[in-house]
Amino acid sequence: MSLDWEYFVSLFFLPALWKACVTVITISTLSWFIGLVLGFLVASAKMSESRWLSVPAKGYIWFFRSVPLLVVLVFVYNLPQLFPVTQPVLGVPYLAGLFSLVITEAAYMAEIHRSGLMSVSKGQREAGKALNIGALGIQRLIVIPQAIRISMPSLINEYITIIKLSSLVSAISLPELLQTGQRLYSQNFMVLETLLAVAVYYVAIVTVFGAVLQWIERKIDVTRIEAQTLDDQQCAELREKAVMPITDKPELQGFGRPPALQLKCLQKAYGNHEVLKDISLNIAAGEVVSIIGPSGSGKTTLIRTLNTLESLDKGEVILFGEGFIEGPEKRSNKDAQQKIKRIGMVFQSFNLFPHKTILENIMLAPKYHNASDENLNVSRAVYLLDRVGLLAHAYKYPHQLSGGQQQRVAIARTLALSPDIILFDEPTSALDPEMVGEVLKVIQDLAKEGMTLIIVTHEMDFALSVSDRVVMMENGVVQVDLPPSSIRAARNPSHSLIRMREFMGITKLGVI
Ligand code: ADP
Ligand code: MG
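Named according to an unreviewed UniProt entry, the protein is ABC transporter permease subunit originating from Vibrio eleionomae.

See the structure below:
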C-alpha cells in the first residue's frame, strides 16, 4: 500500500482545513494572551504578603497543574447541566475550549511570571523607592518590563504548547484541525494522508508564530542593541537642549536655619541583634558628613532608615525642622512621602535600570512625578548627564558602561529630583581602583556646591579631604564625631579617637 499523494496535496486547498487552522490560531493566541495576563495576577497574588491572596493563589496553581486539560475541558463543557445559565457561553465548544485553556494555562503562566518577578533584584525596587516612585509605578515601570523580558523564552514555549494542546478541544466537537481531519478520514478512510496533512498544518503554524514571537523577544532584548557613542557634533547638538533643573529653591543654609537632618536616639534591631543602639546626630544644611566604621557596624542600616528603606524601632528624624520619620512607623503618611523626595540615595551597586537607556534612567523619576512636560524632562536629563561628563553615552544601556560611569549616571539620576540631601552608601566599593577617582570627583563637586551629603565610605583620604565632619560608628553607636582637623591634630586623643585613627590609617606623623 502506498500513500495517495494527490489526495494529500488536495488537503491544502480544502477550505474546511484552512478554517480549522484559523480556529487553532485564534483560540491559541487568545488563550495565551488571556492566560498571560491572568497568570500575572495569580503570580502577584501568590507572592503577596496577604495570606488571603497567597493561599487561594497557591491552591489554584496546585489544582490546575494537577488536573489534565482533557478532564477540565469535558467538565467545563458539561457544566451547563448543573448550571443551565452558563449554557449560552459554556455550551459553545469554542468558548468552553477557550475557557478551559485559559484557566489551565494561567496556572502554568503564573509560575513562569513568578520566576521572572523573583529574578528582578531587590535593588531595582529599592532604587525605585528611593526615587519616590509608588508601589504600582515600580511594578509598571521597573519590575514588569524586566520580568517579562526574562520570562519571554518560557512564555514563547508555552504558546507552542498551547497550539498543540488545542488539538484536545476536538474532544468537545470543536472543528479545529484534528477534529476536521478525523471527520474527513472517517468518511474516506485515508487516515495517514489526512493526519500527515494535519501535522504539516500544525508545523506551519508553530513555525510561523514561533518565529514572530522570537522576533519580538529579540526586539525587547537590550543586550542585543549595539552601543552607540555620540560624536562631538552630536553631543554639541544635544547640549543645546540642556536646561538646568530647578534653581529657584529657598535658601536652606545660614544662621538661624534648621539643620538639614536631626537624628534623635535612633534604634533599630533585626531580631535580637541591635544594629543601631542609640544614634543621635545633627547635620547642618550644606554640611558634608562621612560615616566610617568596620563592616557590620550599622552604617548602611543607618542611612537606609533615613530614606525609609528600613523602618525604625525607636527615635525620630527631623528634616529641615519638620517631623519626618518617627518610631516604628514606616512611610506612615503622605507627608513623609513628599519629604522623601528631598533625600536622594546612591547605592553601592548602582542599581541602574537595565532595560532603559542612560537618558531614560535619569528621566524615569521626573517623568513619573511630572509627566506633562516631556521636553523639559529631556532637557534637564541632558544637563545632568553632561554635568557628570557622560553626554556621549546618552543612548547607551547601563551594561554598555564601566562601573565608574554607571555610578556617575546613578548620581545624575538622583540629582534629577533636585534633592536637598544625598545619601551615599559606599559609592566606590564596587569599583575597580582606577574608576574610584572619577566618582569621587563628582561627589567632591557636589560638596563644593554646598549640597548636604552623608557619605558612608572606606576611602579615608577622601573622607578627610571632603568632609566637614567624620563620624566613626562601631557596635551600633557613634564613637567619634569630629572635623578632620581635630581627628588629625588632637593632642591628647581619647581612647576612641586613637581607635579611629588606627582604623583610618593615621599615625602621629600624618596620613599614611
Ligand atoms: P555596615 O553597612 O556597617 O557594614 P549594615 O548596616 O549593613 O552594616 O549591617 C549591620 C548589621 O545588621 C550586620 O550585622 C548585618 O548582618 C545586619 N543586617 C543588616 N540588614 C539586615 C537584615 N535585613 N536582616 C537581618 N540583619 C541585617
Ligand atoms: Mg554597608
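## Quick word on the overall build of the protein
Along its length, the protein carries 20 helices and 12 strands. Considered along the principal axes of its C-alpha atoms, the protein spans approximately 105 × 55 × 40 Å. Here the protein, with 512 residues, has 49% of them falling under the buried criterion. Sequence separation of at least 24 residues holds for 71% of the intrachain contacts in the protein that already meet a minimum separation of 6. For the protein, the accessible area works out to roughly 24,700 Å², and carbon and sulfur atoms hold 58% of it. When the 47 positive and 46 negative side-chain charges of the protein are each reduced to one mean point, those points stand 4 Å apart.

## Quick look at the UniProt feature "domain: ABC transmembrane type-1" (unreviewed entry) in the protein
Within this numbering scheme, the UniProt entry marks residues 17–213 as carrying the feature "domain: ABC transmembrane type-1" (unreviewed entry). Along residues 17–213 the backbone is 84% helical and 0% strand, and the end-to-end C-alpha distance reaches 24 Å.

## Examining helix H10 (residues 191–219)
Between its first and last C-alpha, H10 extends 42 Å over 29 residues, near the 42 Å set by a 1.5 Å rise per residue. If you check which residues of H10 are buried, you get Glu193, Thr194, Ala197, Val198, Tyr201, Tyr202, Ile205, Gly210 and Leu213. Considering only its buried residues, H10 is in contact with helix H1 (5–10), helix H2 (15–47), helix H8 (135–165) and helix H9 (177–188).

## Regarding the sheet that holds strand S7 (residues 421–425)
If you walk across this open sheet you meet the six strands as S6-S7-S8-S3-S9-S10, and the pairing is mixed. Looking at strand neighbours, the two that pair on one side only are strand S6 (343–346) and strand S10 (477–482), the edges of this open sheet. The mean inter-strand angle of the sheet, taken between neighbouring strand axes irrespective of direction, is 20°. Pairing between strand S3 (residues 288–292) and strand S8 (residues 452–456): four bridges, direction parallel. Looking across to S8, one finds that isoleucine 291 is bridged to valine 456. Each of S3, S6, S7, S8 and strand S9 (469–474) touches helix H12 (residues 299–306); the most contacted strand, S7, lies at about 150° to it.

## Points about the pairing of S7
Summarising burial for S7: five of the five residues are buried, a large majority. With four bridges connecting them, S6 and S7 associate as parallel partners. Considered in S7, the bridge of glycine 344 is made with isoleucine 422. The parallel pair S7 and S8, bridged by helix H17 (residues 433–448), forms a crossover whose chirality is right-handed.

## Topic: the site of ligand 1
Surveying the vicinity of ligand 1 reveals the residues Tyr270, His273, Val275, Pro294, Ser295, Gly296, Ser297, Gly298, Lys299, Thr300 and Thr301. Measuring from an oxygen atom of ligand 1, one finds a side-chain N or O atom of threonine 301 at 2.5 Å. Elements with a minimum of two residues in the shell around ligand 1: strand S2 (273–283) and H12. For the shell around ligand 1, the residue count by class is three nonpolar, seven polar and one charged.

## So, the packing of aromatic side chains
The geometry of an aromatic ring pair is captured by the separation of the ring centres together with the interplanar angle, meaning the angle of the planes. For the structure on display, the rule yields eight aromatic pairs. Between tryptophan 18 and tyrosine 201, the ring centres sit 5.6 Å apart and the planes meet at 85°, which makes this aromatic pair edge-to-face. With tryptophan 18 in helix H2 and tyrosine 201 in helix H10, this residue pair connects regions lying 183 residues apart in the sequence. Exposure remark for tyrosine 201: the relative accessible area of 4% places this residue in the buried category. Among the aromatic residues, those joined into a ring-pair cluster are Trp5, Phe8, Phe12, Trp18 and Tyr201. Directly above the ring of phenylalanine 353 sits arginine 413, whose terminal nitrogen or CZ lies 4.5 Å from the centroid.

## Notes on the environment of valine 477
Relative to the helices and strands, valine 477 is located in strand S10. By relative accessible area, which is 26% here, valine 477 ends up partly exposed. For the pair valine 477 and threonine 223, spaced 254 residues apart in sequence, the C-alpha to C-alpha distance is 45 Å. Setting aside chain neighbours within four positions, we find valine 477 in contact with Lys277, Asp278, Ile279 and Met472.

## Digging into the pattern of salt bridges
This model, assessed by the stated rule, comprises 17 salt bridges. One salt bridge connects aspartate 386 with arginine 239, and the closest N-O pair in it is separated by 2.7 Å. Taken together, the residues span a long stretch of sequence, with aspartate 386 in helix H15 (residues 374–387) and arginine 239 in helix H11 (residues 232–239) at a distance of 147 residues. Residue classification places aspartate 386 among the partly exposed residues on the basis of a relative accessible area of 24%. The partner of lysine 339 in a salt bridge is glutamate 322, with the nearest N and O atoms 3.6 Å apart. With lysine 339 in helix H13 (residues 334–340) and glutamate 322 in strand S5 (residues 322–326), this pair connects stretches of sequence that are 17 residues apart. For lysine 339, a relative accessible area of 8% gives the class buried.

Procedures and definitions
- Residues numbered from 1 in each chain as written.
- Chains lettered and ligands numbered in written order.
- Predicted model: local features only at pLDDT ≥ 70, side-chain atom pairs only at ≥ 80, totals over all residues.
- Heavy atoms only, no water.
- Helix = DSSP H or I, 4+ residues; strand = E, 2+ residues; numbered from the N terminus.
- Buried < 20%, exposed > 50% of the residue type's maximum accessible area, 1.4 Å probe, protein only.
- Contact = heavy atoms within 4.5 Å.
- Areas by Shrake-Rupley, 256 points an atom, 1.4 Å probe, with all protein chains shown as cover.
- Lys, Arg positive; Asp, Glu negative; His and termini not counted.
- Charge placed at Lys NZ, Arg CZ, Asp CG, Glu CD.
- UniProt positions renumbered as here; feature names shortened; annotations may be inferred.
- Expected span 1.5 Å × (residues − 1).
- Pairing = 2+ DSSP bridges.
- Axes fitted to C-alpha atoms, helices over the stretch in contact; angles between N-to-C directions.
- Right-handed = clockwise from strand over helix to strand, strands pointing away.
- Near = heavy atom within 4 Å.
- Polar contact = N/O pair within 3.5 Å; in protein donor to acceptor, adjacent residues only side chain to side chain.
- Nonpolar A, V, L, I, M, F, W, Y, C, P; charged D, E, K, R; others polar.
- Phe/Tyr/Trp six-rings, centres within 6.5 Å; stacked < 30°, edge-to-face > 60°.
- Lys NZ or Arg CZ within 6 Å of the ring centre and 35° of its normal.
- Salt bridge = Lys/Arg side-chain N within 4 Å of Asp/Glu carboxyl O.

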